[in-house]
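Commentary on secondary and tertiary structure
Below, each chain spelled out in residue letters.
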Amino acid sequence: MSAQPGTEAPERTTEQLTRRGLRLAKFTVAYNVVEGVVAITAGIAAGLVSVIGFGIDSGIESISAVLVGLRLSARLRHGEADERKELITLRLVAITFFLLAGYVTVEGVRSLVVGATPESSPVAIGLLVASLVVMPLLAEAKRRVGVALADPLILADAAETRICVLLSVSTLVGLVVFALTGAGWVDAVAGFVIAAFAIHEGREAWEGELAHDHGHGDHDEHDEHDEHDEHDEHDHDGDQRKAAVDG
């Protein structure tokens, strides 16, 4: 794992942030269970592949949040992170991304092959609009905690929530375009877009690159500063040698 949770925060602050992360994970589970049930029900009723995929994503996101919550609870009980178990959990979270990508891809292809024509769904549209309000706030709250703790596990969970935001956008656009044009294939294409995002985030979570990416800018700034200092020191030494020769 590229960073030890808590290395960038004092012990007291680390515990507070960990507890906040746990609360966010619990909220994610509660919200997504309701969201998933409503989305899958509405999607099946209207024959909307992307809405069903959205509901399944809510379930997958709940699983991710449960895994993260269990690890955060364990940290609070034991006072430290078990790096081996944290890595295993991070890999399990990454797998949930791939499961989502696989599902929406298969269902999208099936929809195109059989020529299924979806129906409009006011319930699904309302649900997606609500998600566009709640999920960006939730994703940002998780990201802040993950960055403060330099914690790839929480950052992976935040990425999963961002996938939900992107999924909401693409699914809603697909439904609106279908309502205006009657083009049923748009729904399947929206699913493929979701799959591409999910695979990208899943790979980063699997390789533990999320925390590295968030800290990359700071590292570059420090490296540039160090390089500048080294260059100044080199110039200073050169001036001293020149003065000695002239003397």
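Cut-offs and rules
- Residues numbered from 1 in each chain as written.
- Predicted model: local features only at pLDDT ≥ 70, side-chain atom pairs only at ≥ 80, totals over all residues.
- Heavy atoms only, no water.
- Salt bridge = Lys/Arg side-chain N within 4 Å of Asp/Glu carboxyl O.
- Helix = DSSP H or I, 4+ residues; strand = E, 2+ residues; numbered from the N terminus.
- Buried < 20%, exposed > 50% of the residue type's maximum accessible area, 1.4 Å probe, protein only.
- pLDDT = per-residue confidence, 0-100.
- Contact = heavy atoms within 4.5 Å.
- Core = buried A, V, L, I, M, F, W, Y, C linked by side-chain atoms within 4.5 Å.
- Expected span 1.5 Å × (residues − 1).
- Bend = angle between axes of the 7 residues up to and from the residue.

Right, let's get into the pattern of salt bridges. Here the structure, examined in full by the defined rule, presents 5 salt bridges. R144 is the salt-bridge partner of E140, the closest N and O atoms lying 3.2 Å from each other. Of this pair, E140 and R144 both sit in helix α4 (residues 122-149), 4 residues apart, roughly one helical turn. Residue R144 is classed as exposed on the basis of its relative accessible area of 53%. The residue D157 makes a salt bridge to K142 at a minimum N-O spacing of 3.0 Å. Placement of D157 in helix α5 (residues 152-181) and of K142 in helix α4 is noted, with a sequence separation of 15 residues between them. For the residue pair D157 and K142, the accessibility class agrees, reading buried in each case. When salt bridges that share partners are traced, they join E140, R143 and R144 into one network.

Overall, the predicted model of the chain reaches an average pLDDT of 76, with 77% of residues at or above 70. In the model of the chain, helix α7 (residues 210-246) stands out as the element of lowest mean pLDDT, 47, in contrast to α4, which has the highest, 92. Here residues 211-231 is modelled with pLDDT under 50, and outside its nearest four sequence neighbours on either side it reaches 9 contacts, counting other chains as well. Below pLDDT 50 for its whole length, residues 241-245 participates in 0 contacts with residues either more than four positions away or in separate chains.

With that settled, consider the nonpolar core. Nonpolar side chains in soluble globular proteins generally cluster together in the buried interior. One finds F54, V93 and L100 to be the most contacted residues of the largest nonpolar core, which totals 43 residues. Looking at this core, the elements with two or more residues in it are α1 (11-46), α2 (49-78), α3 (83-114), α4, α5 and α6 (185-207). Per-element accounting of this core gives the leading share, 10 residues, to α5. Apart from residues lying up to four places away in sequence, V93 is in contact with S64, L67, V68, L153, A156 and E160.

This next bit is on the environment of V165. Tracing the sequence through the fold places V165 in helix α5. Looking at V165, the relative accessible area reads 17%, which means it is buried. The sequence separation of V165 and A139 amounts to 26 residues, and the corresponding C-alpha distance is 8.5 Å. Those residues in contact with V165 that lie beyond four places of it in its chain are L132, M135 and P136.

As a further point, take α4. Taking 1.5 Å per residue, 28 residues should reach 40 Å; α4 reaches 41 Å between its end C-alpha atoms and fits that length. Of all bends in α4, the biggest is about 30 degrees, found at L132, and the proline P136 comes one to four residues later. Buried within α4 we find A124, L127, L128, S131, M135, L138, A139, A141, K142, V145, G146 and L149. A150 sits one or two positions beyond α4 and adopts a positive phi of about 50 degrees.

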